[in-house]
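# Structural description and commentary
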Amino acid sequence: MFQKVYPLLLQLFYPKLCFACQVHLTKKEQSICATCRYQLVPTNFHNKAKNPVLDRFWGRVNLEHATTAFVFTKKGLLQQLIHQLKYDNQPQIAYELGKIYGKVIRHVPPYKHVDTIIPVPLHPKKQHIRGYNQAEKFAEGLAESMNINYNTEWLIRTENTSTQTQKSRLERFKNVQSAFELTTTAPATANILLVDDVITTGATLEACCGVLLALKNYKVSIAAIALTS
Ligand SMILES: [Zn+2]
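Residues numbered from 1 in each chain as written. Predicted model: local features only at pLDDT ≥ 70, side-chain atom pairs only at ≥ 80, totals over all residues. Heavy atoms only, no water.

### Some details on the coordination of the zinc ion
- Coordination of the zinc ion by the protein involves Cys18 (SG), Cys21 (SG), Cys33 (SG) and Cys36 (SG), with metal-donor separations of 2.3 Å.
- Between the four donor atoms coordinating the zinc ion, the angles at the centre fall across 104 to 116 degrees, so the site counts as tetrahedral.
- Between consecutive donors of the zinc ion, the numbers of intervening residues give the motif C-x2-C-x11-C-x2-C. Cys36 matches Cys33 in its accessibility class, with the two residues each being buried. (Donors = N, O, S within 2.8 Å, 3.2 Å for Na, K, Ca; no water. Tetrahedral: all angles 85-135°; square planar, octahedral: opposite > 155°, others 65-115°. Buried < 20%, exposed > 50% of the residue type's maximum accessible area, 1.4 Å probe, protein only.)

### Quick look at the packing of helix H5 (residues 92-105) against helix H7 (residues 134-146)
- Contact pair H5 / H7: the axes reach a minimum separation of 7 Å and the direction vectors enclose 40 degrees. Taken together, the axes of H5 and H7 lie oblique to each other. Read as a crossing pair, H5 and H7 show a hand that is right-handed. Each of Ala94, Tyr95, Leu97, Gly98, Lys99, Tyr101, Gly102, Lys103 and Ile105 in H5 lies in contact with H7, whose residues at this interface are Gln134, Lys137, Phe138, Glu140, Gly141, Leu142, Glu144, Ser145 and Met146.
- Residue composition of the contact of H5 with H7, grouped by class: eight nonpolar, five polar and five charged. (Axes fitted to C-alpha atoms, helices over the stretch in contact; angles between N-to-C directions. Helix = DSSP H or I, 4+ residues; strand = E, 2+ residues; numbered from the N terminus. Parallel < 35°, antiparallel > 145°, perpendicular 65-115°, else oblique. Left-handed = near helix turned anticlockwise from the far one by under 90°. Contact = heavy atoms within 4.5 Å. Nonpolar A, V, L, I, M, F, W, Y, C, P; charged D, E, K, R; others polar.)

### A closer look at the pattern of salt bridges
- This model, assessed by the stated rule, comprises four salt bridges.
- Between Asp55 and Lys50 there is a salt bridge, with the nearest N and O atoms lying 3.1 Å from each other.
- Here Asp55 falls in the partly exposed class, since its relative accessible area comes to 42%.
- Its relative accessible area of 60% is what places Lys50 among the exposed residues.
- A salt bridge links Lys99 to Glu96, with the nearest nitrogen and oxygen atoms 3.9 Å apart. You can see Lys99 and its partner Glu96 sitting in helix H5, three residues apart, about one turn around the helix.
- What makes Lys99 partly exposed here is its relative accessible area of 22%. (Salt bridge = Lys/Arg side-chain N within 4 Å of Asp/Glu carboxyl O.)

### Considerations on the environment of Glu96
- Accessibility expressed as a relative area gives 13% for Glu96, which makes it buried.
- Excluding residues within four positions of it along the chain, Glu96 makes contact with Phe19 and Ser31.

### A short note on the side chain of Glu136
- Here Glu136 shows up in helix H7.
- No salt bridge is formed by the buried Glu136. Its closest oppositely charged neighbour is Lys137, at 5.9 Å.
- In contact with Glu136, not counting residues within four places along its chain, are Pro119, Gln127, Tyr150 and Thr152. (Lys, Arg positive; Asp, Glu negative; His and termini not counted.)

### Re the side chain of Thr43
- Here Thr43 lies in the loop between helix H2 (34-39) and helix H3 (52-57).
- When its relative accessible area of 8% is taken as the criterion, Thr43 is described as buried.
- Side-chain polar atoms of Thr43 contact the backbone nitrogen of Phe45, separated by 3.1 Å.
- Filtering out sequence-adjacent residues up to four positions away, Thr43 remains in contact with Lys48, Thr67, Thr68, Ala69, Phe70 and Val71. (Polar contact = N/O pair within 3.5 Å; in protein donor to acceptor, adjacent residues only side chain to side chain.)

### Thoughts on the pairing of strand E7 (residues 218-227)
- Within E7, nine of the ten residues are buried, which leaves the element mostly enclosed by the surrounding structure.
- Pairing of strand E1 (residues 66-68) with E7 involves three bridges; the strand directions are parallel. Counted as the bridge partner of Thr68 is Ala224 from E7.
- Pairing between strand E6 (residues 190-199) and E7: nine bridges, direction parallel. Along E7, the bridge assignment pairs Ile192 with Val220.
- This β-α-β element, E6 to helix H9 (residues 203-212) to E7, shows right-handed connectivity. (Pairing = 2+ DSSP bridges. Right-handed = clockwise from strand over helix to strand, strands pointing away.)

This is the structure:
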């Protein structure tokens, strides 16, 4: 009797809420309600030999593949979630989106061959101010669903660059070009999924790839929550 009632009591006092809109979830719903889930439209870029994310990096870095999880529309739910993630101290949003997308790509090549997920690092000072790295939270969710590790020690950010938002594409690239370094903890061979929260120009990811692909036995794919223009 107690075993049966206890989860119901728990549900009564600590009801599970949708991470996107905070409504109470039904038994069948996990972390996100059906209404919000419907508004998060999958890109299916991971299944495509040609997609807008690959196009953004074409001719710049030699990637295995590149993808983003959900379609970004101005004023849409995803834009609202990304805003909360960045400015509203809600790191669990990136984690939950990572868990959802990890389940989608874990059986899809080349993503199923990845051995380590690396989030784009924030400079330690910036991370201290914000309290978390949103790319790392996305990596954590992906890693859990894909049943592989994520690593924050191999690739580090050595320069605290100024904000990218007001800069042109060339300025952005120059700004981050030398901001990253590989540490001696990194192995000689790795198949990496490099992840960020949002891809805009791709300058930051390109700089990270430059460092990782300097090692000839490294393969790199890219995943982010969304692609914005
Ligand atoms: Zn919801």
